[in-house]
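Each chain is listed here by its residues.
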Amino acid sequence: MRLGFLVAPSGKVPVKVVARTFASGKTEKLVYQILSDLGLPSGKNDAIERADFTFEKFYELYHKICPRNDIEELFRAVTQGKANAINLDQFINFLNEKQRDPRLNEILYPLYDEKRALEIINTYEQDETAREGKSLTKDGLIRYLMSDENAPVFLDRLDIYMDMDQPLSHYYINSSHNTYLSGRQFGGKSSVEMYRQTLLAGCRCVELDCWDGKGEDEEPIITHGMAMCTDILFKDVIYALRDTAFVTSDYPVILSFENHCCRTQQYKLAKYCDEILGDLLLKEPLPDYPLEPGAPLPPPSALKRKIMIKNKRLKPEVEKRELELFLQGELVVEDEIKEDASAVRKAEPTEEAAAAAPTAASQEGGEGGEVPAVQYTGSTTNVHPWLSSMVNYAQPIKFQSFDYADNKNIHHNMSSFAETTGMNLLKQQAIDFVNYNKRQMSRIYPKGTRADSSNYMPQVFWNAGCQMVSLNFQTSDLPMQLNQGKFEYNGNCGYLLKPDFMRRADRSFDPFADAPVDGVIAASCAVQVIAGQFLSDKKIGTYVEVDMYGLPSDTVRKEFRTRLVPANGLNPVYNEEPFLFRKVVLPDLAVLRFGVYDENGKLLGQRILPLDGLQGGYRHISLRTEANFPMSLPMLFCNIELKIYVPDGFEDFMDALSDPRAFMGAAKERSDNMKAMGIEESSSGAAADASKGVKKEEPTEPPLVFDPITVESLRQEKGFQKTAKKQQKELDSVKKKHAKERMGVQKQQNAAIERLVKGKSKEEIKADSAIRKVIQEQNSQWGEMIERHKKEEWDLLKQQLDDQKDILRKLMETTQAAQMKQLEAKHERDIKALNSQQAKISVETSKEVANDKTLKTKGEKDRRLREKKQNNIKRFMDEKKTAQIKQNREKEKLKVTHDKQLEELDSDVQKLIDMYKIDEEEYKMTSKMEFYA
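Basis of the calculations
Residues numbered from 1 in each chain as written. Predicted model: local features only at pLDDT ≥ 70, side-chain atom pairs only at ≥ 80, totals over all residues. Heavy atoms only, no water. Helix = DSSP H or I, 4+ residues; strand = E, 2+ residues; numbered from the N terminus. Buried < 20%, exposed > 50% of the residue type's maximum accessible area, 1.4 Å probe, protein only. Contact = heavy atoms within 4.5 Å. Areas by Shrake-Rupley, 256 points an atom, 1.4 Å probe, with all protein chains shown as cover. Pairing = 2+ DSSP bridges. Axes fitted to C-alpha atoms, helices over the stretch in contact; angles between N-to-C directions. Phe/Tyr/Trp six-rings, centres within 6.5 Å; stacked < 30°, edge-to-face > 60°. Lys NZ or Arg CZ within 6 Å of the ring centre and 35° of its normal. Patch = residues over 30% accessible without salt bridge, like charges linked within 9 Å, V, L, I, M, F, W, Y side chains within 5 Å. Salt bridge = Lys/Arg side-chain N within 4 Å of Asp/Glu carboxyl O. Lys, Arg positive; Asp, Glu negative; His and termini not counted. Charge placed at Lys NZ, Arg CZ, Asp CG, Glu CD. 1 Å grid on protein atoms, 1.4 Å probe; cavity = no way out; pocket = protein on both sides within 12 Å on 5 of 7 lines; lining within 4 Å. Points joined across faces, edges and corners; volume = space filled by probe spheres on them. Core = buried A, V, L, I, M, F, W, Y, C linked by side-chain atoms within 4.5 Å. Parallel < 35°, antiparallel > 145°, perpendicular 65-115°, else oblique. Left-handed = near helix turned anticlockwise from the far one by under 90°. Nonpolar A, V, L, I, M, F, W, Y, C, P; charged D, E, K, R; others polar. Right-handed = clockwise from strand over helix to strand, strands pointing away. Expected span 1.5 Å × (residues − 1). Polar contact = N/O pair within 3.5 Å; in protein donor to acceptor, adjacent residues only side chain to side chain.

J.: What should I look at first to understand the overall build of the chain in this one?
T.: A count of helical and extended segments in the chain gives 29 helices and 21 strands. Relative to its full complement of 933 residues, the chain shows a buried share of 48%. Once local pairs closer than 6 in sequence are excluded, the contacts in the chain between residues at least 24 apart make up 74%. By element, 52% of the accessible surface of the chain is carried by carbon and sulfur atoms, the whole surface being about 47,200 Å².

If you want it as structure tokens, here you go:
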């Protein structure tokens, strides 16, 4: 198409123009020869008829001059070098194994089948014989690989695919800073055209620095105050906004006023907005989204083709009263009021002064002198009521604190922060900043010292959920490329929905954390840069850099670079080893940047691709200019591999989960091969472990087994034996005393009876009542004595059992404490061994990474070491946690055993005491025997 427009006055395409197109890689003589072979004019001064220079002719010319040797290698790999065409089965396998993201759900994103593969063949294969044979030639493969169907991102991502019914605070909003400037911040030129170009580029928030006009008509102007910049008329800007606001996108536009005008000229601001914008201007809040504390902001879908004003607003009662006076024609701006307003205006700092001054660093220039209020901002004497009434869902207030904002809970309040202030808040209160941005909008703008209109890196503020990360659109630097590359997606509508965890109140997110986010699966991405096409129109060396931007832990810059291919800007072949981004914690926020540079470091082209919409496989990546405009021919041919991130040691487990049948099949095949080699399976397992570097676990200390603590075992203790002997001696002494008393009583009683019966016959004795009475008294005396003796013995025995119980309990507790101490000592040894093993693994890991030849740069080694250390720490913590749980269980189990032993001890002693009590009761119940002569 481009060559078709570069015609001579005769209307023909000059041959020398065609030759120059390919001069960066081939000689003109070769181009002339190929044109001749194609039957086209080939002389240096010849020209080609436009009708003869068809796309098919250009396509043949292109491939003859730039043969795709890189795709030739891929073609041979697919056909295994055995055929001139890819058959249907080979093509289906290629599509599923190489061109499909393995992370995709097979139900939502089915595997390629015969029907789908045939559709591709019939679409891109030009050879009728090949189509009929259901095969794909090399030319058909090239056409497919270069088609939109094989784009590097899902094509639906280029359309509006996101949910647009969430509150405004849930979106990133493409935003511009000092939109009117076309160059520097000091002494720069202001241009109405900048508003047109910025809005046409997809920007949805533009800035208007409004100042009093100095001419006779006193028309308000837009300029960078006190910075020696030229000015433009506010009215002209509003016309430009009306004409271009909704050309690229229908979603709402926010006019960020930095208002330095007196009330008289503020009236003109309101008048022009009302008259020129008409129904496009959102003058009142929507009925379903009132301006109340706790009420959410409206969604972009409810604000289509609406323009909102962000400006100070009067307090409601003041606004109502003054608006009524204004409508009645009774609101007069007297000279003294104008002078007071002018004084207030002069006291208000500009953005640059605000960024430089600590007290005003958190405010935009026009917001530095406002009075903090619940939901209304600014001085009550310096805002025209008509302009104030037009402000609704973007009411700027001075930022107090995150706690203050949380307590007020007013969603339509927003604050602006210079990049330095925002960074300080982010460093100190990152999670609070994220939570604030779930509810309210925040705007970040460049610090005042960026006089050259350079930009800060926006990614760090996107990571915190800041909606309006405002940049200098006139500067096509890396931050601006990232901004435009990011907002290219979702239909370039200027709104991108933030990830789920940055919107939900019940989720917590730390943008500086290395740990995976709950519910988000970390990814692994490998990029192989194979070749380039039409990278430069000069015969110059080129190289490619591949960077990633996202969370701090995901960001990789200036590390992955191809070799320099000299003197070929046409079709250099790099064929590099894949650049591996091994662990991407948060793919939703990550983007890949491809930058192509010449040998002098000049940027030739670039492209930003979001990781969450990236397609794996062999893809052609068409490049953009540094201002993100599409380039016609320059492109890169890459192989992109996307996987779920798998920590070290879990690869086989992941393979088994992903494809159990294939995993088992591979395991069986490996086992069969080992057996065929005469190697036992157990040996093969050991060999496999050795090949993988799996460390055998060091022998651990056997578990402690404690002998049960019983009453019998305690009775054998020396401490108990001493007490038992003493008690036995005491009992023997009592028994001896009782025996002596019985002997004496028995002797006394026998003597008394003998005196009574002396000289009497048996009959006389039987008949003597006095003898019977004495015998009865003696029996009573004897019985009382025996009963007393038994009671004394039982009391002594029970006392001894109580004493024994205390002694046995103390002995048992001492023994149990010794057992627990042994167990704790073993646990300490186990933990010490675990720490020693972990320290050893850490040292081995450092050595392993240092000696890993696949890691080519220091950055790669540092990231790999950090990743391994993170995995090790997690594993170590898990091991320690598991060991602690196991130890606690062992201690609890031993404690339960000890408690049971104490209960059994109490029970055994109590049984003996109860036995003595039963004997005592039985004795009491026994009938007393009486002796009758």
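Let us keep going from here.
J.: Explanation requested: the sheet that holds strand S5 (residues 221-222) in the structure shown.
T.: Backbone-to-backbone hydrogen bonds join strands into a sheet, with any given pair of strands oriented parallel or antiparallel. Spatial ordering of the open sheet is given by S6-S5-S4-S7-S8, a layout of 5 strands whose pairing is mixed. On the outer flanks of this sheet lie strand S6 (232-233) and strand S8 (307-310), each paired with one strand and no other. Two strands pair when backbone bridges link them, and strand S4 (residues 205-211) and S5 are joined in this way by 2 bridges, in the antiparallel orientation. Bridging across to S5, Cys 210 finds its partner in Ile 222. Packed on one face of the sheet, helix H12 (residues 263-277) meets S4, strand S7 (253-259) and S8 and runs near 165° to S7.

J.: Would you take a moment to explain the packing of aromatic side chains for this structure?
T.: Under the criterion given, the structure shown has 30 aromatic pairs. Ring centres 6.2 Å apart and planes at 40° place the aromatic pair Phe 58 and Tyr 62 in the tilted group. Separated by 4 residues within a single helix, Phe 58 and Tyr 62 lie in helix H4 (residues 55-65), roughly one turn from each other. Each of the two residues, Phe 58 as well as Tyr 62, counts as buried. With a centroid separation of 5.4 Å and an interplanar angle of 15°, the aromatic rings of Tyr 62 and Phe 534 are classed as stacked. Of this pair, Tyr 62 sits in helix H4 while Phe 534 sits in the loop between strand S14 (523-533) and strand S15 (542-549), and the two are 472 residues apart along the sequence. For the pair Tyr 62 and Phe 534, a shared accessibility class is recorded, and that class is buried. Through pairs of rings, three or more aromatic residues link up here, namely Phe 91, Phe 94, Tyr 124, Tyr 144, Tyr 618 and Phe 637. The positively charged end of Arg 68 is found above the aromatic ring belonging to Phe 637, 5.3 Å away from the centroid. Over the ring of Tyr 543 we find Arg 561, and its NZ or CZ is 3.7 Å from the ring centre.

J.: Would you mind showing me how to read a negative patch on the surface here?
T.: Among the surface-exposed residues, Glu 730, Asp 802, Asp 803 and Asp 806 lie close enough to one another that they form a single negatively charged patch. Counting residues per element, the negative patch draws most heavily on helix H28 (residues 769-850), which supplies 3 residues. Note that Asp 806 resides in helix H28.

J.: Could you clarify how one ought to interpret empty space enclosed by the protein in this entry?
T.: The full count for this structure, using the stated rule, is 4 cavities of 30 Å³ or more. Roughly 70 Å³ of volume is contained in the largest cavity. Around the largest cavity sit 14 residues that line it, and Ile 397, Tyr 404, Ala 405, Asn 413 and Gln 440 are the ones nearest its centre. Of all elements in the fold, only helix H17 (402-408) and strand S10 (413-418) reach the threshold of two or more residues within the lining of the largest cavity.

J.: What is the right way to look at the nonpolar core in this model?
T.: Of all hydrophobic cores here, the largest spans 93 residues; its most connected members are Leu 208, Phe 234 and Leu 255. The element best represented in this core is H12, accounting for 6 residues. The contacts of Phe 234, once residues within four sequence positions are left out, are Leu 208, Cys 210, Pro 220, Ile 221, Ile 222, Phe 257, Leu 269, Tyr 272 and Cys 273.

J.: Would you explain unusual backbone geometry in this entry?
T.: Excluding glycine, a negative phi dihedral is what most residues carry, and trans is how most peptide bonds are arranged. Here Phe 534, not a glycine, exhibits a phi torsion of approximately 55°, which is positive. Judged by relative accessible area, which is 7%, Phe 534 ranks as buried. Not every positive phi belongs to a glycine, and Ala 567 is a case in point at roughly 50°. Structurally, Ala 567 is set in the loop between strand S16 (556-561) and strand S17 (579-584). Classification of Ala 567 by relative accessible area gives partly exposed; the value is 43%.

J.: Help me understand the environment of Thr 198 in this model?
T.: Inspection of the secondary structure assignment puts Thr 198 in helix H10 (residues 193-200). For Thr 198, a relative accessible area of 3% gives the class buried. Taking the C-alpha atoms as reference points, Thr 198 and Tyr 180, separated by 18 residues in sequence, lie 9.5 Å from one another. The contact partners of Thr 198, leaving out residues within four places of it in the chain, are Ser 176, Thr 179, Cys 203, Val 206 and Phe 473.

J.: Is there a simple way to think about the packing of helix H5 (residues 69-79) against helix H9 (residues 138-145) in this case?
T.: How two helices sit against one another is set out by the angle between their axes and by the gap between those axes. Remark: H5 packs on H9, axes separated minimally by 10 Å, with the N-to-C direction vectors making an angle of 115°. By the angle class used here, H5 and H9 are roughly perpendicular. For the element pair H5 and H9, the recorded crossing hand is right-handed. Seen from H5, the contacting residues are Ile 71, Glu 72, Leu 74 and Phe 75; seen from H9, they are Lys 138, Leu 141, Ile 142 and Leu 145. In terms of residue class, the contact of H5 with H9 is built from 6 nonpolar, no polar and 2 charged.

J.: Just checking my understanding: could you explain the pairing of strand S11 (residues 442-445) for this structure?
T.: Sheet faces and side chains relate simply in a regular strand, where the side chains alternate between the two faces. Side chains Ser 442 and Ile 444 of S11 all project onto a buried face; the interleaved residues Arg 443 and Tyr 445 project onto the opposite face, where all are buried too. Pairing analysis gives 4 bridges linking S10 to S11, with the strands arranged parallel. Considered in S11, the bridge of Ser 415 is made with Ser 442.

J.: Can you help me understand the pairing of S7 in this one?
T.: With respect to burial, S7 is a largely interior element, 7 of its 7 residues being buried. Burial along S7 is two-sided: the residues Val 253, Leu 255, Phe 257 and Asn 259 and Ile 254, Ser 256 and Glu 258 are all buried. Across 6 bridges, S4 lies against S7 in parallel orientation. For Cys 210, the partnering residue across the bridge sits in S7 and is Asn 259. Tracing the backbone out of S7, into H12 and back to the parallel element S8 gives a crossover that is right-handed.

J.: I keep staring at H12 and nothing clicks. Help me out?
T.: Residues that lie three or four places apart on an α-helix share one face, since the helix turns once every 3.6 residues. Along its 15 residues, H12 runs 21 Å from first to last C-alpha, staying within 8% of the 21 Å computed at 1.5 Å per residue. Turning to H12, its buried residues number three or more, namely Arg 263, Gln 265, Gln 266, Lys 268, Leu 269, Ala 270, Tyr 272, Cys 273, Ile 276 and Leu 277. On its buried face, H12 is in contact with S4, helix H11 (234-244), S7, S8, helix H13 (316-327) and helix H16 (385-389). In the segment just after H12, Gly 278 is the residue with positive phi, at about 60°.

J.: I would appreciate a short explanation of the packing of H28 against helix H29 (residues 858-925) in the present structure.
T.: It is the contact of H28 with H29, at a shortest axis distance of 10 Å, that shows an interaxial angle of 170°. Compared by their axis directions, H28 and H29 come out roughly antiparallel. Here the contact of H28 with H29 is built from residues that sort into 24 nonpolar, 13 polar and 25 charged.

J.: So what exactly am I meant to see when it comes to H9 here?
T.: Extensive coverage of H9 is indicated by the burial of 6 of its 8 residues. Of the residues making up H9, those classed as buried are Gly 140, Leu 141, Ile 142, Arg 143, Tyr 144 and Leu 145. Buried residues belonging to H9 abut H4, H5, helix H6 (88-97), helix H7 (114-124), strand S20 (617-624) and strand S21 (630-644).

J.: Explain the side chain of Gln 265 here, please?
T.: Here Gln 265 lies in helix H12. Of the residues examined, Gln 265 reaches a relative accessible area of 2% and is grouped as buried. Within polar-contact distance, the side chain of Gln 265 engages the backbone nitrogen of Gly 213 at 2.8 Å. If sequence neighbours within four positions are ignored, Gln 265 has contacts with Trp 211, Asp 212, Gly 213, Glu 218, Glu 219 and Pro 220.

J.: Would you explain the environment of Ser 147 in this entry?
T.: The residue Ser 147 is located in the loop between H9 and strand S3 (171-173) in this model. The exposure class assigned to Ser 147 is buried, which follows from its relative accessible area of 13%. Taking the C-alpha atoms as reference, Ser 147 lies 9.4 Å from Arg 619; in sequence the two are 472 residues apart. Among the polar contacts made by the side chain of Ser 147, one reaches the side chain of Tyr 124 at a distance of 3.4 Å. At a separation of 2.6 Å, a polar atom in the side chain of Ser 147 contacts the main-chain carbonyl oxygen of Tyr 144.

J.: When you look at the pattern of salt bridges in this model, what are you seeing that I'm missing?
T.: Any two side chains of opposite charge can pair, given that their charged atoms come close. Across all of its chains, the model carries 45 salt bridges by this definition. Glu 56 is the salt-bridge partner of Arg 143, the closest N and O atoms lying 3.4 Å from each other. Residue Arg 143 is located in helix H9, and its partner Glu 56 is located in helix H4; the two are separated by 87 residues in the primary sequence. Given the relative accessible area of 15%, Arg 143 is considered buried. Asp 878 is the partner of Lys 874 in a salt bridge, and the nearest nitrogen-oxygen pair spans 3.4 Å. Here Lys 874 and its partner Asp 878 are both found in helix H29, 4 residues apart, which amounts to about one turn of the helix. Classification of Lys 874 by relative accessible area gives exposed; the value is 55%. Here the residues in one salt-bridge network are Asp 500, Arg 504, Asp 506 and Arg 507, joined through shared partners.

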